[in-house]
Amino acid sequence: MYRCNWSGSNENMQVYHDTVWGVPEYDDQRLFRKLVLDMNQAGLSWQTILNKMDNFDQAYEQFDIEKVANFDEAKVEALMQDAGIIRNRRKIEAAIINAQKVLEMQAEGLSFSDYLWGFTDHQVVDNKISNVSEVPAKTELSDRIAKDLKKRGFKFVGSTTIYAFLQAVGIVNDHEMACFRYKELHSAK
């Protein structure tokens, strides 16, 4: 059974590849969780984030959007002391701001899911990748979404981070076509 080359031989990476990466996600809280994890991955390897995922879940209150939106300075300081997560003040503060922005969207009657999926008319973008070397770091789509998120006040949402996020949550299917997951996800359309 062939997997995308990036999943390597590490069991955690393979489980993530096989069960999470590229699966279309529509739940606001899970989308928010993935956005925060991808923001934290910026400048680091995904393996680092995978190794700390349980700690992130605990530290960020299971990524309950309302709870994160209400984190105060004491909570920020506690997170800065938590060796189980990425201790970057800008990333922690960005997670709080982004939670507040998601809540603002929801208050306006727009789910985070509908907002994100609306950029592709609620369709998966299938890039038909033959080899991992063909995967771009960013695209016109990620540029557009990043620009709009920034306009709405979101932080730490550059185009490269957003592209990785779009891949992870299945808005973009960048599994290699020979990968068994590509075939499963493609046939599920």
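Rules used throughout
Residues numbered from 1 in each chain as written. Predicted model: local features only at pLDDT ≥ 70, side-chain atom pairs only at ≥ 80, totals over all residues. Heavy atoms only, no water. Helix = DSSP H or I, 4+ residues; strand = E, 2+ residues; numbered from the N terminus. Rg over C-alpha atoms; globule rule 2.2 N^0.38 Å. Buried < 20%, exposed > 50% of the residue type's maximum accessible area, 1.4 Å probe, protein only. Contact = heavy atoms within 4.5 Å. Areas by Shrake-Rupley, 256 points an atom, 1.4 Å probe, with all protein chains shown as cover. Lys, Arg positive; Asp, Glu negative; His and termini not counted. Charge placed at Lys NZ, Arg CZ, Asp CG, Glu CD. Core = buried A, V, L, I, M, F, W, Y, C linked by side-chain atoms within 4.5 Å. Axes fitted to C-alpha atoms, helices over the stretch in contact; angles between N-to-C directions. Parallel < 35°, antiparallel > 145°, perpendicular 65-115°, else oblique. Nonpolar A, V, L, I, M, F, W, Y, C, P; charged D, E, K, R; others polar. Left-handed = near helix turned anticlockwise from the far one by under 90°. Expected span 1.5 Å × (residues − 1). Bend = angle between axes of the 7 residues up to and from the residue.

Caption draft 1: Geometry of the overall build of the protein. What the protein contains, in helices and strands, is 10 helices and two strands. Helices and strands appear in the protein in the N-to-C order α-α-α-α-α-α-α-β-α-α-β-α. Against the globule reference of 16 Å for 189 residues, the protein gives a C-alpha radius of gyration of 16 Å, in line with a compact fold. Taken along its principal axes, the extent of the C-alpha atoms in the protein is 50 × 35 × 25 Å. The burial tally for the protein puts 47% of its 189 residues in the buried class. Here the analysis covers contacts within the protein between residues at least 6 apart in sequence; of these, 69% occur between residues at least 24 apart. Carbon and sulfur atoms form 48% of the exposed surface of the protein, whose accessible area is close to 9200 Å². Between the centroid of the 23 positive side chains of the protein and the centroid of its 28 negative side chains there is a distance of 4 Å.

Caption draft 2: Geometry of the nonpolar core. Grouped together as the largest cluster of nonpolar side chains are 51 residues, with contacts concentrated most on Tyr60 and Phe112. The element best represented in this core is helix H6 (residues 89-107), accounting for seven residues.

Caption draft 3: Quick peek at the packing of helix H1 (residues 11-19) against helix H3 (residues 46-59). Their axes nearest at 10 Å, the elements H1 and H3 cross at an angle of 90°. Regarding the angle of H1 to H3, the classification is roughly perpendicular. Along the contact surface, H1 presents Asn12, Met13 and Tyr16, while H3 presents Trp46, Gln47, Leu50 and Asn51. Counted by class, the contact of H1 with H3 contains four nonpolar, three polar and no charged residues.

Caption draft 4: Just unusual backbone geometry, in detail. One non-glycine residue with positive phi stands out, namely glutamate 61, at about 55°. If you trace the backbone, glutamate 61 turns up in the loop between H3 and helix H4 (65-69). Phi at phenylalanine 156 is positive, roughly 60°, even though this residue is not glycine. Topologically, phenylalanine 156 is positioned in the loop between helix H8 (140-151) and helix H9 (159-168).

Caption draft 5: Structural context of the packing of helix H2 (residues 28-41) against H3. Their axes nearest at 10 Å, the elements H2 and H3 cross at an angle of 135°. By the angle class used here, H2 and H3 are oblique. Handedness of the crossing formed by H2 with H3: right-handed. Here H2 contributes Arg33, Lys34, Leu37, Asp38, Asn40 and Gln41 to the contact with H3, which in turn contributes Trp46, Ile49, Met53, Phe56 and Asp57. Here the contact of H2 with H3 is built from residues that sort into five nonpolar, two polar and four charged.

Caption draft 6: Region of the structure containing H3. Between its first and last C-alpha, H3 extends 18 Å over 14 residues, near the 20 Å set by a 1.5 Å rise per residue. At lysine 52, H3 shows its strongest bend, of approximately 55°. Listing the buried residues of H3 in full gives Trp46, Gln47, Ile49, Leu50, Lys52, Met53, Phe56, Asp57 and Ala59. Against H1, H2 and helix H5 (73-80) lie the buried residues of H3. Directly beyond the C-terminal end of H3, a positive phi value near 55° is found at glutamate 61.

Caption draft 7: Inspection of the environment of aspartate 64 at higher detail. Residue placement: aspartate 64 occurs in the loop between H3 and H4. By relative accessible area, aspartate 64 is classed as partly exposed at 24%. Each C-alpha atom, one on aspartate 64 and one on alanine 99, is 8.8 Å from the other, the two residues being 35 residues apart in sequence.

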